Amino acid sequence: MPPKILVVGAGGREHALVRALKRSAAAPELLCAPGNPGIAADARLLPVAVDDVAALADAAQGERCDLVVVGPEAPLVAGLADELAQRAIAVFGPSRAAAQLEGSKQYAKQVMEAAGVATARWCAVDDVEAGMAAIESYPVVLKFDGLAAGKGVVIAADEDEARAALAGFLVQRRFGPGRVVVEECLLGEELSLLALCDGVRALPMAPAQDYKRIFDADQGPNTGGMGSYSPVPGVGPEQLAELAVRVHGPIVDLLRRRGTPFQGVLYAGIMLTSDGPKVLEYNVRFGDPETQAVLPRLRSDALEVLSAAARPGGLESVELDFADDWAVTLVLASAGYPGAPRTGDVITGLDDVPDAIEVTHAGTRRRDDGAIVTAGGRVLNVTALAATPARARDAAYAAAQRINFAGRQLRSDIALRAVERTGE
Ligand code: AMP
Ligand code: GLY
């Protein structure tokens, strides 16, 4: 019997995970809860919401799944991995306790300090005046201390913006009750470095660059991510190993010593400052859209390595192998994103994309008449692989231009930096 794997989630990241697992030599049977119309072509969908921990665990148990791979942070923070472990079902993803690294910015900063990981200077505040008093200089970074779907960080340029952001978090309570972390603004180039963790060690994956802002030239508000590429010029194998030792290793060591071992993927958002690498944040799950660029380059068997990470100490003899190719991922977003996205726009051209291009679905829905329509902020991802960044970039943009819907937003400068850096 082939192994049965349940992927939890409904976005482009989960679609990329399903595709990677589908390439496994073990030919697994793939399930996804709740999935989307794109994932439906690669896995059997289970109609269970990502935030219904009990129903997800029931589904995994009822289906006799051999492994559950959890995509988003919310079910992890809500304790899905603990629930599955209790039922003796293998899970790729950290416990509720370890997931606090993403669930609370304040906890993450405290752990970084205790583990000796370099990060921006910070303090936590409960009210607007305390926040204003804590600001040393502008721009300043203000972070809501809880889950906010990637929208809880404001970089305030002056007093007015800072006051408005603090009031939004602490008075209007945009994301519910919670404190605010006031943080020094770091300058430099950003890097996303994901590492597979088995509770004992951290194995770095290929580095990726994410584009956070909605508009070209990094203008406009922050989004979940508008595009990505992998690898990153200047971050070779040696620097990668050193970064993992500095930013992932100490966290895995500390959490193991504290009795809350970290298993799953530890994603570090790193700023390469003139003063060395500093961690901006940790996420306890695969990045979206970094995963869509990183996983297509993975040559190791995805099922083997994720299963190994799900066993305590299981990564001991595992080595990750990535193709030399460059991957460029573009995000097609709907009108209005990252504010309230417009939905229900008909998507055309999906069948006109060449087979070599990986199109993953994020916010899509199949209408009763069969049409695929927009159903969220980030709608589709288009990933191309090629021997040079320029070729991957050209192929991704050519494919993306074939896909259309009213109000489509697409940045035009994704991976341009990689092309300029490498001259290839
Ligand atoms: P976070 O959710 O903490 O990753 O923050 C979202 C984005 O805000 C990051 O990817 C950075 O682009 C930016 N950011 C967060 N913290 C800082 C900081 N201390 N200095 C500069 N930029 C930051
Ligand atoms: N791309 C940023 C994130 O996944 O949080």
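Going by the structure above, here's the rest.
Criteria and cut-off values
Residues numbered from 1 in each chain as written. Chains lettered and ligands numbered in written order. Predicted model: local features only at pLDDT ≥ 70, side-chain atom pairs only at ≥ 80, totals over all residues. Heavy atoms only, no water. Helix = DSSP H or I, 4+ residues; strand = E, 2+ residues; numbered from the N terminus. Contact = heavy atoms within 4.5 Å. Near = heavy atom within 4 Å. Polar contact = N/O pair within 3.5 Å; in protein donor to acceptor, adjacent residues only side chain to side chain. Areas by Shrake-Rupley, 256 points an atom, 1.4 Å probe, with all protein chains shown as cover. Nonpolar A, V, L, I, M, F, W, Y, C, P; charged D, E, K, R; others polar. Expected span 1.5 Å × (residues − 1). Buried < 20%, exposed > 50% of the residue type's maximum accessible area, 1.4 Å probe, protein only. Core = buried A, V, L, I, M, F, W, Y, C linked by side-chain atoms within 4.5 Å.

S.K.: Could you give an account of the environment of Tyr107, naming the residues involved and the relevant values?
M.R.: By the element assignment, Tyr107 lies in helix H6 (residues 105–115). The spacing of Tyr107 and Ala202 is 95 residues in sequence and 20 Å in space, taken between C-alpha atoms. Look past the residues within four positions of Tyr107 in its chain and what remains in contact with it is Ala97, Gln100, Leu101, Leu255 and Arg258.

S.K.: I'd like a description of the site of ligand 1, backed by residues and values.
M.R.: Surveying the vicinity of ligand 1 reveals 16 residues, the closest of which are Glu183, Leu186, Glu190, Lys212 and Glu281. The contact in question runs from a nitrogen atom of ligand 1 to an N or O atom on the backbone of Glu184, over 2.9 Å. A distance of 2.8 Å separates a nitrogen atom of ligand 1 from a polar atom in the backbone of Leu186. When ligand 1 sits alone it has 470 Å² of accessible area, and the protein chains cover 92% of it. Going through the elements one at a time, strand E7 (140–144), strand E8 (153–156), strand E9 (180–184) and strand E17 (276–283) are the ones with two or more residues in the shell around ligand 1. A per-class count over the shell around ligand 1 returns eight nonpolar, one polar and seven charged.

S.K.: Before we move on, could you go through the site of ligand 2 and cite the residues and values that matter?
M.R.: Close to ligand 2 lie Asp210, Lys212, Gly224, Tyr267, Asn283, Arg285, Gly287, Asp288, Pro289 and Glu290, which account for all nearby residues. Interatomic distance of 2.7 Å between a side-chain N/O atom of Asp210 and a nitrogen atom of ligand 2. Here a nitrogen atom of ligand 2 sits 2.9 Å away from a polar atom, N or O, in the side chain of Glu290. Considering ligand 2 on its own, with 200 Å² of exposed area, one finds that the protein chains cover 89% of that surface. Partitioned by chemical class, the residues of the shell around ligand 2 number two nonpolar, three polar and five charged.

S.K.: An account of helix H12 (residues 389–402) is requested, with residue identities and associated values reported.
M.R.: When the terminal C-alpha atoms of H12 are compared, their 20 Å separation across 14 residues agrees well with the 20 Å that a helix rising 1.5 Å per residue should span. Taken together, the buried positions of H12 are occupied by Pro389, Ala390, Ala392, Arg393, Ala396, Tyr397, Ala399 and Ala400. Contacts from the buried residues of H12 go to strand E18 (326–333), strand E22 (378–386) and helix H13 (416–422).

S.K.: Go over the environment of Ala81 with me, naming the residues and quoting the values.
M.R.: Along the chain, the position of Ala81 falls in helix H4 (residues 80–86). Ala81 sits in the buried class, given a relative accessible area of 5%. Sequence spacing of Ala81 and Ala40 is 41 residues, and the spatial spacing of their C-alpha atoms is 24 Å. Among all residues touching Ala81, those that are not within four sequence positions of it are Leu76, Val91, Gly93, Pro94 and Ser95.

S.K.: Account for the nonpolar core, naming residues and giving values.
M.R.: Among soluble globular proteins, nonpolar side chains are generally buried collectively. Judged by nonpolar contacts, the single largest core of 75 residues is most densely connected at Leu6, Leu101, Ile251 and Tyr282. Of all the elements, helix H9 (residues 237–257) adds the most residues to this core, at seven residues. Setting aside residues up to four positions removed in sequence, Leu6 forms contacts with Leu31, Cys32, Ala33, Leu46, Leu56, Ala60, Cys65, Leu67, Val68 and Val69. Phe92, Ala208, Val294 and Val305 belong to the second largest nonpolar core, which has 36 residues in total.

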